[in-house]
Amino acid sequence: MERALLISQEKIQGRVKEIAAQISSDYEGEDVVLIGVLNGAVFFLADLAREITIPVRIDFMRAASYGSRQTSSGKVQLTKDVEIPLRDRSVILVEDIVDTGLTLSHIIEDLKGKGPRSLKTCVLIDKLERRETHVSIDYCGFRVEEGFLVGYGLDFDEQYRNLPDIHVLK
Ligand code: 5GP
């Protein structure tokens, strides 16, 4: 499938360092739990965590949405829960991309129920084209208007996740 380079590895890594510095400063003197949404956020979370200078714990969740591959149907089911207790912890939810916003808002509601001291969101790509529900994004890597993106964790049919840059599929 044809693809065009959208965000280079160098730009991604530069931005990841900036976000990590911001998080390290915002949470100075605390420790945080980073929760990655599988599978897409794995690369972003791994790079981010290694640039953060305060103590971090790491855990993962998985959400499945039903419908066609390139769009989200709005039915979100959590198929893997976190395993670290979150009560009274500072939690940052780390996601690869927000499109309609339905997945993230569903996960946020679920995490709120676990009684964290605070809950923020960190998203590599905020894709504005099809937003259906407001989600608050506290740390954002890049804003993109439209297109189907692959690379740096983002897949098409489980392919392309390992590309170091982000591309638009044509
Ligand atoms: P939302 O619930 O915000 O519509 O969608 C979030 C999920 O849809 C993401 O976690 C991701 O799995 C998928 N998604 C949305 N846009 C894209 C995209 O441009 N590329 C890829 N690979 N996945 C996307």
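Caption draft 1: Main features of the overall build of the protein. Of the regular secondary structure elements, the protein holds three helices and nine strands. Listing every helix and strand of the protein by position from the N terminus yields β-α-β-α-β-β-β-α-β-β-β-β. Relative to the globule expectation of 15 Å for 170 residues, the C-alpha radius of gyration of the protein, 15 Å, shows essentially globular dimensions. Taken along the three principal axes of its C-alpha coordinates, the protein extends 45 × 35 × 25 Å. Looking at the protein as a whole, 46% of its 170 residues qualify as buried. Of all intrachain contacts in the protein linking residues separated by at least 6 positions in sequence, the fraction that spans at least 24 positions is 65%. Entry remark: accessible area of the protein is about 8,600 Å², with carbon and sulfur atoms responsible for 46%.

Caption draft 2: Inspection of the nonpolar core at higher detail. In terms of nonpolar packing, the biggest core is built from 28 residues, with Ile23, Phe44, Leu48, Cys122 and Ile125 touching the most fellow members. When contributions to this core are tallied by element, the ones reaching two or more residues are α1 (9–26), β2 (32–38), α2 (42–51), β5 (90–98), β6 (118–127) and β7 (139–144). With five residues, the top contributor of residues to this core is α1. With near-sequence residues (within four places) excluded, Ile23 lies in contact with Leu48, Ile52, Ile54, Ile92, Cys122 and Tyr139. Grouped together as the second largest cluster of nonpolar side chains are 17 residues, Ile35, Val91, Leu93 and Leu111 included.

Caption draft 3: Spotlight on the packing of aromatic side chains. Taken as a whole and assessed by the stated rule, the structure comprises one aromatic pair. Taking the centre distance of 6.1 Å and the plane angle of 80° together, the rings of Phe148 and Phe156 count as edge-to-face. Judged by its relative accessible area of 18%, Phe148 falls in the buried class. The buried category is assigned to Phe156, whose relative accessible area is 18%.

Caption draft 4: Layout of the site of the ligand. Inspection of the region around the ligand gives 16 residues, with Thr100, Gly101, Thr103, Leu149 and Asp155 positioned closest. Taking Asp96, its side chain carries an N or O atom lying 3.3 Å from an oxygen atom of the ligand. Backbone polar atom of Asp155 to a nitrogen atom of the ligand: 2.7 Å apart, as the coordinates give it. Taken by itself the ligand offers 500 Å² of open surface, and the protein chains cover 85% of this. When contributions to the shell around the ligand are tallied by element, the ones reaching two or more residues are β5, α3 (102–112) and β8 (148–150). Considering every element that reaches the shell around the ligand, the biggest residue donor is β5, with four residues.

Caption draft 5: Seen up close, the environment of Leu124. Along the polypeptide, Leu124 turns up in strand β6. Sequence spacing of Leu124 and Val16 is 108 residues, and the spatial spacing of their C-alpha atoms is 8.4 Å. When residues no more than four places from it in sequence are discounted, the contact partners of Leu124 are Phe44, Glu95, Asp96, Gly141, Phe142, Tyr152 and Ile166.

Each value, and the rule that gives it
Residues numbered from 1 in each chain as written. Predicted model: local features only at pLDDT ≥ 70, side-chain atom pairs only at ≥ 80, totals over all residues. Heavy atoms only, no water. Helix = DSSP H or I, 4+ residues; strand = E, 2+ residues; numbered from the N terminus. Rg over C-alpha atoms; globule rule 2.2 N^0.38 Å. Buried < 20%, exposed > 50% of the residue type's maximum accessible area, 1.4 Å probe, protein only. Contact = heavy atoms within 4.5 Å. Areas by Shrake-Rupley, 256 points an atom, 1.4 Å probe, with all protein chains shown as cover. Core = buried A, V, L, I, M, F, W, Y, C linked by side-chain atoms within 4.5 Å. Phe/Tyr/Trp six-rings, centres within 6.5 Å; stacked < 30°, edge-to-face > 60°. Near = heavy atom within 4 Å. Polar contact = N/O pair within 3.5 Å; in protein donor to acceptor, adjacent residues only side chain to side chain.

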